[in-house]
Amino acid sequence: MKFKKALIIIFSLIVGLLLASYIFVAFYLETLVIARLEKEVEATFGNYYNLEFSEISTAPSLRSISITFEEPVLRSDTTQTAGLLRYPPIFFKASSLSINRIRVLDVFFGSSLGIGEIHLTDPELVLFVNQPTTEQPSEENKAADLIQYIDINKLTIEKGSLQLYDFTKPADTLYFGNDILIMLTDIHIPTQSPVSLYKASTIGNISFNMQSVRFNPSNIPYSFAVDSISIDRQADIFETHGIDLLPAKSRLRLSREQRYQKTFADVHLDMLKIVGLDYEALQEDILSIEEIQIKGGLIDLFRNRQKDLNTGLDKKTIQEGLRSIPLQLDIHRVRFEDIDLKVALLNPAFEEPAVINLSKGKGTWKNINTKSDTAVIMHVSLDAIVMKSGKLKFEVDLPVLENTNSYRGIITDMPFEEWNQVINHFSSVEIEAGEIQEIKFAGVANAKQTSGEMTFRYTGLKAGYYQSSEKIDRRKSRIISFIGNLLIKNDNPKKAGETPVSVKYTFERADYQGPTMLWIGGLLRGIELTILGEKIVAEIDKRRANKP
């Protein structure tokens, strides 16, 4: 009987405790937790963030509480300098915001706040980068009762849109379309960090997919567009599709607005994938990547040569350009395939540009490393089709810490006539016959000069010469054509089975010419010496020097 009474007493106590816990949770805990949470949030962030909503619902338990806001609108008061220096400006309106499993003990007793999951649905989200920051916390922010850390197991943002602004240049907008999915896990936010929360916070994994990305910078005449981006840090995925660099106006119109000649681009890439991106190194301003893969695309360049040259420019070498990038680079390899290059040059007195084509380009660029102080040598290799049928193989070695390079290449199997629509724009010559069998060249270069050796094998070269190179409607001169064909070397070697003549060449680029002009200029110089011979080239050089 005593045992039975004891059981009844214990059972009554348990029921009473459960009933008391239910009454406490149902009627008191929610109010206490919300009041305490509001006090801590206000003490930590002040009124820098302001959240409005149409409805609020809660789901409390003894261990945690979940809160859902319907039609939430969040604003940041960027007029508050103290808040702006510490906390990122965030703006959004959404269909719902759920903050799930807020740890009750943290609200009452901890200096950190643990949250199971935050879920933001269908937002119009606006974020900023490059807002002002401070390195020293104010006295107010050292108070002991503030939230020192916020730990979030998972943050999910789905549907809706995202706009990213540069705080210092509000006209620069990075726009992500209406189908975003962002998931961040293991987020640790030290709210009282003396540095920007962007840098101080840590994230375990980042995973997001975005559609219709567009970047409209205000200081350049281009916009950037991407069809889709997929990133997953743990799965080592960083992949973009449908990348476009788009001129703001027609490139002819843009060129006419310039005082001097300038090259304008229109670029499309089918796919760009980054493998082995080191996110921790990125926080230290080091871009460390195992491999960048680029597949399919067109790089279309246009230059209006009807404008004057800007002879006051002093263009950098490739190495100088890389070393001037604010981020330190440690990229093991860039691999590209099926890339086309089109270079259009609009010359005086011509309505249509001369076009140089490289197609089906594939190759690699290895050892892009400006982080190391050791003598790293970059290696670039390229295979492509030149114009319609020529086969190009080209390699170059570039020491990162120097402004020198060594190169070698070969072009094979193409008719001379494929170059006519380019040659016609630059001279009074038209190729009538001839086959290029092989152009083999190799050389070394510093920042301004190159020297090398070339063996140019060809047969049956015959050219027609016009009375003028300045007019579109030009008449061929039979006499000049006859004399010209007597002066040029029509075959190299002269007879089958003989050794072809090789030439040594030198070329110096002007300060305003880009670094690739060393290779192009050296190649053209070697071709000129082979076909015309040293004496004729020397006479042409004299006339060029005396030309006003």
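Note that the structure is a prediction, hence the values are computed from the model and not measured. (Residues numbered from 1 in each chain as written. Predicted model: local features only at pLDDT ≥ 70, side-chain atom pairs only at ≥ 80, totals over all residues. Heavy atoms only, no water.)

Undergrad: Pulling in residues and values, what's your account of the overall build of the chain?
TA: Along the backbone of the chain there are 11 helices and 25 strands. Among the 548 residues that make up the chain, the fraction classed as buried is 41%. Considering only residue pairs separated by 6 or more positions, the chain has 64% of its internal contacts joining residues 24 or more positions apart. Total accessible area on the chain stands at roughly 30,400 Å², and carbon and sulfur atoms take up 57% of it. (Helix = DSSP H or I, 4+ residues; strand = E, 2+ residues; numbered from the N terminus. Buried < 20%, exposed > 50% of the residue type's maximum accessible area, 1.4 Å probe, protein only. Contact = heavy atoms within 4.5 Å. Areas by Shrake-Rupley, 256 points an atom, 1.4 Å probe, with all protein chains shown as cover.)

Undergrad: Describe empty space enclosed by the protein, listing the residues and the values that go with them.
TA: To find the voids left in a structure, one rolls a probe of water-molecule size over its atoms. According to the stated counting rule, one finds one cavity of 30 Å³ or more in the structure shown. Estimates place the volume of the largest cavity at around 70 Å³. As for the largest cavity, its lining consists of Thr317, Ile318, Gln319, Leu398, Asn403, Thr404, Asn405, Asn446, Ala447, Pro515, Leu518 and Trp519. For the lining of the largest cavity, the secondary-structure elements that each account for two or more residues are helix 7 (318-323) and helix 10 (517-532). Here the lining of the largest cavity is composed, by residue class, of six nonpolar, six polar and no charged. (1 Å grid on protein atoms, 1.4 Å probe; cavity = no way out; pocket = protein on both sides within 12 Å on 5 of 7 lines; lining within 4 Å. Points joined across faces, edges and corners; volume = space filled by probe spheres on them. Nonpolar A, V, L, I, M, F, W, Y, C, P; charged D, E, K, R; others polar.)

Undergrad: Run through the confidence of the model for the chain, naming residues and quoting values.
TA: Mean pLDDT over the chain works out to 85, with 87% of the residues at or above the 70 mark. Note that pLDDT drops below 50 for residues 15-28; the model gives that stretch eight contacts with residues more than four away or on any other chain. Predicted confidence for residues 136-142 stays below pLDDT 50, and this span has 11 contacts to residues more than four positions away or in other chains. (pLDDT = per-residue confidence, 0-100.)

Undergrad: Describe helix 10, with residues and values.
TA: For helix 10, which comprises 16 residues, the first-to-last C-alpha distance of 21 Å matches the rise-based estimate of 22 Å (1.5 Å per residue) to within 8%. Residues Leu518, Trp519, Gly521, Gly522, Leu523, Arg525, Gly526, Glu528, Leu529, Thr530 and Ile531 constitute the buried set of helix 10. Positive backbone phi, approximately 90°, marks Gly533, located one or two places after helix 10. (Expected span 1.5 Å × (residues − 1).)

Undergrad: Give a description of the pattern of salt bridges that names residues and reports values.
TA: Tallying each qualifying case throughout the model produces 14 salt bridges. Residue Glu257 is joined to Lys249 by a salt bridge in which the shortest nitrogen-to-oxygen separation is 2.8 Å. Overall, the relative accessible area of 43% leaves Glu257 in the partly exposed class. Residues Arg333 and Glu291 are paired through a salt bridge, measuring 2.5 Å at the closest nitrogen-oxygen approach. One end of the pair, Arg333, is in strand 18 (residues 328-346); the other, Glu291, is in strand 17 (residues 286-304), with 42 residues separating them in the sequence. When its relative accessible area of 29% is taken as the criterion, Arg333 is described as partly exposed. Each of Lys249, Arg253 and Glu257 takes part in a single network of salt bridges with overlapping partners. (Salt bridge = Lys/Arg side-chain N within 4 Å of Asp/Glu carboxyl O.)

Undergrad: Residues and numbers for the environment of Leu345, please.
TA: Among the structural elements, Leu345 can be located in strand 18. Take Leu345: its relative accessible area is 15%, and that puts it in the buried class. Remark: the alpha-carbon pair of Leu345 and His425, spanning 80 residues in sequence, is separated by 8.8 Å. Aside from chain neighbours lying at most four places away, what touches Leu345 is Arg303, Arg305, Pro353, Ala354, Ile356, His425 and Phe426.

Undergrad: Report on the pairing of strand 20 (residues 377-386), specifying residues and quantitative values.
TA: Across the 10 residues that make up strand 20, a large majority, seven, are buried. Here strand 19 (residues 354-369) runs beside strand 20; their pairing, made up of seven bridges, is antiparallel. Each bridged residue has a counterpart across the sheet, and for Trp365 the counterpart in strand 20 is Val380. Taken together, the 10 bridges between strand 20 and strand 21 (residues 390-399) define a ladder with antiparallel strand orientation. Residue pairing in the sheet places Ser381 in a bridge with Glu395 of strand 21. Hairpin remark: strand 20 followed by strand 21, antiparallel, with three residues in the connecting loop; positive phi at Met387, about 55°. (Pairing = 2+ DSSP bridges.)

Undergrad: Can you tell me about a nonpolar patch on the surface, naming the residues and giving the values?
TA: Among the surface-exposed residues, Ile479, Phe482, Ile483, Leu486 and Leu487 lie close enough to one another that they form a single nonpolar patch of about 560 Å² accessible area. Secondary-structure assignment places Leu487 in helix 9 (residues 478-487). Residue Leu487 is classed as exposed on the basis of its relative accessible area, which comes to 53%. (Patch = residues over 30% accessible without salt bridge, like charges linked within 9 Å, V, L, I, M, F, W, Y side chains within 5 Å.)

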